[in-house]
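Chains, contacts and geometry: an overview
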Amino acid sequence: MKKIILYFIVMVLCKFGQCQVPSKNDIKGSWINLSITEYYESNKQHACDINYFDNDKFIPLYLSFENKDQVKITNRIEQTIFTYKVNYTKPDSIFIYRGENIYSIYVLKDTLKLMHNQNVISFKKVSDNYSTDVFGEYIKGVIFKKHENYLNSSFKESHVYNNILISRANFKDKIMEIFKCDHVDFVQLGSFKFKNTCLPEIALYYDNSKKRERPRVIGILIENDEINFIDESGINVLIIKSN
């Protein structure tokens, strides 16, 4: 009898928010707007122009759950990042809030749905963890979708770096080593035009400003078991092949 009474006391306290219980609707990881993945992965012809992303279906661009209590959302405009609190009171979904802005989120199979200003925006998970570079995680996911490792098989600017093993974990470090640059960034919503294709791109930065006035931009062409790195003149400067 005492156990039954204690059970009801605990349930009442939980109902009024004084205790927490594990929730089946916990959502974690980093997610990218599905309209972005369609842009880079579909066979449709898109305008290779950053202005292509200037419409409501690209708002917001990314979601990344910093922990179970808050999520960071990257806005399309100027890549502004906002932090939202997470509430789990709904049985089959969550809602997030920041000031007067409140949005509902639920996951259907592998797709996250965000109810945003009377629009349903769909997202695809790119990482099980929080990330400050969701777009970069997405591009690495596409590169290493079929193979865990690649070998540098051809580099037009030097033969010293042949047969370097490149993985998802060391991608930026190995690109810096090969190109002898000081920093590598995935260009957010890059629009590198190559033939009739719009490629994702990386920017190579050099600390010595006299060496280059601006970052060197390289497009990434993914073809079956081979990844090609194209420079702005259209030359394939680096080829990495599956190991």
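Residues numbered from 1 in each chain as written. Predicted model: local features only at pLDDT ≥ 70, side-chain atom pairs only at ≥ 80, totals over all residues. Heavy atoms only, no water.

In terms of regular secondary structure, the chain is built from four helices and 17 strands. The long-range fraction of contacts in the chain, counting pairs at least 24 apart against all pairs at least 6 apart in sequence, stands at 46%. Here the chain has roughly 14,600 Å² of accessible surface; of this, 50% comes from carbon and sulfur atoms. (Helix = DSSP H or I, 4+ residues; strand = E, 2+ residues; numbered from the N terminus. Contact = heavy atoms within 4.5 Å. Areas by Shrake-Rupley, 256 points an atom, 1.4 Å probe, with all protein chains shown as cover.)

One open sheet holds the seven strands; their spatial order is β10-β9-β17-β16-β15-β14-β11, and the pairing between them is antiparallel. In the strand order of this sheet, the two ends are held by β10 (165-167) and β11 (183-186), each with one partner. Going from strand to strand, the sheet's axes swing by 30° on average, the running direction of each strand aside. Pairing of strand β9 (residues 149-155) with strand β17 (residues 236-242), which is carried by five bridges, proceeds in the antiparallel orientation. The residue of β17 that forms the bridge with Phe 155 is Leu 238. Contacting β9, β10, β11, β14 (201-205), β15 (216-223), β16 (226-230) and β17, helix α4 (residues 171-179) crosses the sheet at an angle of about 125° to β11. (Pairing = 2+ DSSP bridges. Axes fitted to C-alpha atoms, helices over the stretch in contact; angles between N-to-C directions.)

The subject of this paragraph is the confidence of the model for the chain. Averaged over the chain, the pLDDT score is 84; the fraction of residues at 70 or greater is 86%. Below a pLDDT of 50 lies the segment residues 1-23, which in the model reaches seven contacts outside its immediate sequence neighbourhood of four places, other chains included. (pLDDT = per-residue confidence, 0-100.)

We now examine the state of the cysteines. Following the criterion strictly, the structure yields one disulfide and no others. Residue Cys 48 pairs covalently with Cys 198 via a disulfide, S to S 2.3 Å. Note on the Cys 48 and Cys 198 pair: the S-S dihedral is about 75°, so by sign convention the disulfide is right-handed. One end of the pair, Cys 48, is in the loop between α2 (34-41) and β2 (62-67); the other, Cys 198, is in strand β13 (residues 197-199), and 150 residues separate them in sequence. When its relative accessible area of 23% is taken as the criterion, Cys 48 is described as partly exposed. (Disulfide = S-S within 2.5 Å. Buried < 20%, exposed > 50% of the residue type's maximum accessible area, 1.4 Å probe, protein only.)

All right, on to the environment of Tyr 205 then. Tracing the backbone through its elements, the reader meets Tyr 205 in strand β14. It is 6.7 Å that separates the C-alpha atoms of Tyr 205 and Arg 216, two residues lying 11 residues apart in sequence. With sequence-adjacent residues up to four places away left out, Tyr 205 is seen in contact with Cys 181, Asp 182, His 183, Asp 185 and Pro 215.

This part covers the side chain of Asn 33. By the element assignment, Asn 33 lies in strand β1 (residues 30-33). At a separation of 2.8 Å, a polar atom in the side chain of Asn 33 contacts the main-chain carbonyl oxygen of Lys 57. If sequence neighbours within four positions are ignored, Asn 33 has contacts with Lys 57, Phe 58, Ile 59, Pro 60, Leu 61, Ile 121, Ser 122 and Phe 123. (Polar contact = N/O pair within 3.5 Å; in protein donor to acceptor, adjacent residues only side chain to side chain.)

Taken as a whole and judged by the stated rule, the model has 12 salt bridges. Across the pair Lys 68 and Asp 69 runs a salt bridge, and its minimum N-O distance is 3.3 Å. Overall, the relative accessible area of 37% leaves Asp 69 in the partly exposed class. Where Lys 140 meets Glu 137, a salt bridge forms, and the shortest distance between an N and an O atom there is 3.5 Å. Taken together, the residues span about one helical turn, with Lys 140 and Glu 137 both in helix α3 (residues 134-143) at a distance of three residues. (Salt bridge = Lys/Arg side-chain N within 4 Å of Asp/Glu carboxyl O.)

Once that is clear, we can look at the sheet that holds β2. Spatially, the eight strands close up into a barrel ordered β1-β2-β3-β4-β5-β6-β7-β8, and their pairing is antiparallel. Here the strands of the sheet are splayed against their neighbours by 30° on average, with no regard to which way each runs. The strands touched by α2 are β1, β2, β7 (111-116) and β8 (119-127); relative to β1, the strand with the most contacts, the crossing angle is about 65°. Docked against the sheet, α3 engages β1, β2 and β8, running at close to 85° with respect to β1.

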